[in-house]
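Analysis of the macromolecular model
If you want the building blocks of each chain, they are given just below.
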Amino acid sequence: MRLIVLGPPGAGKGTQSQRLMQKYGIPQLSTGDMLRAAAAADTPVGRKAKALMDTGSLVPDEVVVGIIADRISQADAAKGFILDGFPRTVNQAKALDDMLAAKKLKLDGVIELKVDEGALLGRIEKRAKEMIAKGCAVRADDNPEAFKTRLEAYREMTAPVAAYYAADGRLKTVDGMAPIEVVSAAIDRVTEAAGSAV
Ligand code: AMP
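Everything numeric here is computed off the predicted structure, so don't read it as measured data.

**Looking at the site of the ligand**
Taken together, the neighbourhood of the ligand is formed by 16 residues, with Thr31, Arg36, Ser57, Gln92 and Arg139 sitting nearest. Take Arg88: an N or O atom from its side chain is 3.0 Å from a nitrogen atom of the ligand. A distance of 2.9 Å is found between a nitrogen atom of the ligand and a side-chain nitrogen or oxygen belonging to Gln92. Compared with its free state, where it exposes 480 Å², the ligand has 96% of that area covered by protein. It is helix α2 (residues 31–40) that contributes the most residues to the shell around the ligand, four residues altogether. Its residues placed into classes, the shell around the ligand shows six nonpolar, five polar and five charged.

**Topic: the environment of Gly7**
Tracing the backbone shows Gly7 in the loop between β1 (2–6) and α1 (13–24). Sequence separation of Gly7 and Arg127 is 120 residues, and the distance between their C-alpha atoms is 16 Å. Gly7 has contacts with Lys13, Leu113 and Tyr154, leaving out every residue within four places of it along the chain.

**Points about the packing of helix α6 (residues 117–133) against helix α7 (residues 144–167)**
Following both chains from N to C, one finds α6 and α7 inclined at 135°, their axes separated by 11 Å at the closest point. Classed by the angle they form, the pair α6 and α7 counts as oblique. Handedness of the crossing formed by α6 with α7: right-handed. In this structure, α6 contributes Glu117, Leu120, Leu121, Ile124, Glu125 and Arg127 to the contact, and α7 contributes Pro144, Phe147, Arg150, Leu151 and Arg155.

Conventions and cut-offs
Residues numbered from 1 in each chain as written. Predicted model: local features only at pLDDT ≥ 70, side-chain atom pairs only at ≥ 80, totals over all residues. Heavy atoms only, no water. Near = heavy atom within 4 Å. Polar contact = N/O pair within 3.5 Å; in protein donor to acceptor, adjacent residues only side chain to side chain. Areas by Shrake-Rupley, 256 points an atom, 1.4 Å probe, with all protein chains shown as cover. Helix = DSSP H or I, 4+ residues; strand = E, 2+ residues; numbered from the N terminus. Nonpolar A, V, L, I, M, F, W, Y, C, P; charged D, E, K, R; others polar. Contact = heavy atoms within 4.5 Å. Axes fitted to C-alpha atoms, helices over the stretch in contact; angles between N-to-C directions. Parallel < 35°, antiparallel > 145°, perpendicular 65-115°, else oblique. Left-handed = near helix turned anticlockwise from the far one by under 90°.

Here you go:
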């Protein structure tokens, strides 16, 4: 099962991707997590990415496309994967299509979590508070200024990705404002339909 979970910051992509990872036993590939790990390890890529990530701007396509190309070639991704936070631009989506075509693989589903923009900042603030309560570090970009830039990047660069997949009928939209169990059930209907079609 090869899935993409699309949606603005705070839509619930991470929560749903982690659930799908357990359900299907396939890795969740979050470019945000990979870039944060690279930044924490102070690698050259991580250093370059960190400054952009902290302000909420996107990291260049070639960087994330390279990361994903390496990652989907690893053994644990052979049975499938859930992409969380990638692709974020139409160029990345096209590069992914090319990568998969070269491996004779196809996507089983592209799931978009649709969420009212007005609810997103509140969700990000809630996430920051939950991290503090757990004694964990708050993401450097979970603050109102970086959030504004992240939302702008989403509107300008990532909303067209949903349109790219909608154009050839691959996009399935789920109401991300519903309670988590309802969102989960709606996603499961999409993945189960995709699973029975392959
Ligand atoms: P996320 O954890 O998905 O919210 O990503 C956090 C940050 O990492 C984003 O605001 C970007 O700076 C960067 N990032 C993650 N994935 C991508 C991507 N596919 N393309 C460009 N930048 C990305």
